[in-house]
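Below, each chain spelled out in residue letters.
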Amino acid sequence: MAEMSNYLENVLINGTLRGTTYTAPAAVYVALFTSDPTDAGTGTECSGGGYARQTVTFASPSNGATVNSAAVEFPQATTNWGTIGWLGLYDAATSGNLLYHTALTTAKTIDTGDIFKFAASSISVTLS
């Protein structure tokens, strides 16, 4: 995943080329989407039915890439969440700023009773 949001592109340019301070988030959260969040963060995020963004941690980068260092498991769906086709990384548990986004390799329909999980090392961020 290297699709940066417009927000992140702007803060990185400001921080690296214009001397503007950027404070990294205290935690990063994975969000699930039923439509493409795009760089502008305009997709449809799941909501209701027990859905909540989940925290994710990343390993130290190597050669401009990192992966999640532990599994990320969402709560059991209490209603149908729809077909999840994208993920986004945010700087807050609710609202906040989209940092990165990407399409899933395979979309997954989440019905009542299902649990959505990312295995360790399955979410990657690469800057090139």
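Note that the coordinates shown come from a computational prediction; the quantities given were computed from them, not determined experimentally.

Criteria and cut-off values
- For every chain, the first residue of its written sequence is number 1, and the numbers climb from 1 along that sequence.
- Only residues with pLDDT of 70 or above have their local features reported here, since the model is predicted, and side-chain atom pairs are shown and tallied only from 80 upward, although totals for entire chains, interfaces and linings are computed over all residues.
- Only hydrogens and water are removed before side-chain values are computed, so all heavy atoms of the structure are retained for them.
- Salt bridge, as used here: a side-chain nitrogen of Lys or Arg that lies within 4 Å of a carboxyl oxygen of Asp or Glu.
- The helix and strand labels rest on DSSP assignments: H or I over at least four residues marks a helix, E over at least two residues marks a strand, and numbering proceeds from the N terminus.
- A pair of Phe, Tyr and Trp rings is counted when the ring centres sit within 6.5 Å of each other, with Trp represented by its six-membered ring. The angle between the planes then sorts it: under 30 degrees is stacked, over 60 is edge-to-face, the rest tilted.
- A ring has a charge above it when a Lys NZ or an Arg CZ is no more than 6 Å from the ring centre and no more than 35 degrees off the ring normal.
- For our purposes a nonpolar core is just a set of buried Ala, Val, Leu, Ile, Met, Phe, Trp, Tyr and Cys residues, chained together by side-chain atoms within 4.5 Å.
- With a 1.4 Å probe rolled over the protein chains alone, any residue whose accessible area is under 20% of its type maximum counts as buried; one over 50% counts as exposed, and the rest are partly exposed.
- Here, two residues are considered to be in contact whenever any of their heavy atoms come within 4.5 Å of each other.
- Pairing between two strands requires that DSSP report at least two bridges joining them.

Overview of the pattern of salt bridges
So, step 1. Inspection of the entire model under this criterion finds two salt bridges.
So, step 2. For Arg53, the salt bridge is made with Glu45, and the minimal N-O distance between the two is 2.9 Å.
So, step 3. Between Lys117 and Glu73 there is a salt bridge whose closest N-O contact spans 4.0 Å. Placement of Lys117 in strand 8 (residues 117-118) and of Glu73 in strand 5 (residues 72-73) is noted, with a sequence separation of 44 residues between them.

Observations concerning the packing of aromatic side chains
So, step 1. Throughout the structure, instances matching the rule amount to five aromatic pairs.
So, step 2. Consider the rings of Tyr51 and Trp81, whose centres lie 5.4 Å apart with planes at 85°: the pair is edge-to-face. Separated by 30 residues along the polypeptide, Tyr51 in the loop between strand 2 (28-33) and strand 3 (54-56) and Trp81 in the loop between strand 5 and strand 6 (82-90) bring together distant segments of the chain.
So, step 3. Aromatic ring contacts, followed pair by pair, group Tyr51, Phe74, Trp81, Phe116 and Phe118 into a single cluster.
So, step 4. When the ring centre of Tyr90 is taken as origin, the NZ or CZ atom of Arg53, which lies over that ring, is 3.6 Å away.

Remarks on the nonpolar core
As a rule of thumb, nonpolar side chains are buried together in soluble globular proteins.
So, step 1. Core analysis: the biggest nonpolar cluster contains 28 residues, and Val30, Leu32, Phe74, Trp81 and Phe118 have the highest contact counts within it.
So, step 2. Listing elements by their share of this core, those giving two or more residues are helix 1 (6-17), strand 2, strand 6 and strand 7 (98-110).
So, step 3. Residues within four places of Trp81 in sequence aside, it is in contact with Leu32, Thr34, Cys46, Gly48, Gly49, Gly50, Tyr51, Phe74, Pro75 and Ile110.

Let's talk about the pairing of strand 6
So, step 1. When strand 2 meets strand 6, the two strands line up antiparallel, connected through five bridges. In the sheet register, Ala31 faces strand 6, and the bridge partner there is Gly88.
So, step 2. In the sheet, strand 6 pairs with strand 7 via eight bridges, with the strands oriented antiparallel. Of the residues in strand 7, the one forming a bridge with Gly88 is His101.

Focus on the sheet that holds strand 6
So, step 1. Ordered by their spatial adjacency, five strands build an open sheet running 1-7-6-2-3, and the pairing between neighbours is antiparallel. Taken across any chain shown, the strands that pair with only one partner, and hence form the sheet edges, are strand 1 (3-4) and strand 3.
So, step 2. As judged from the three bridges shared by strand 2 and strand 3, these two strands associate in the antiparallel manner. Within strand 3, the residue paired with Val28 across the bridge is Val56.

A few points about the environment of Gly41
So, step 1. Its place among the elements puts Gly41 in the loop between strand 2 and strand 3.
So, step 2. When the C-alpha positions of Gly41 and Asn97 are compared, they lie 8.2 Å apart, and in sequence the two are 56 residues distant.

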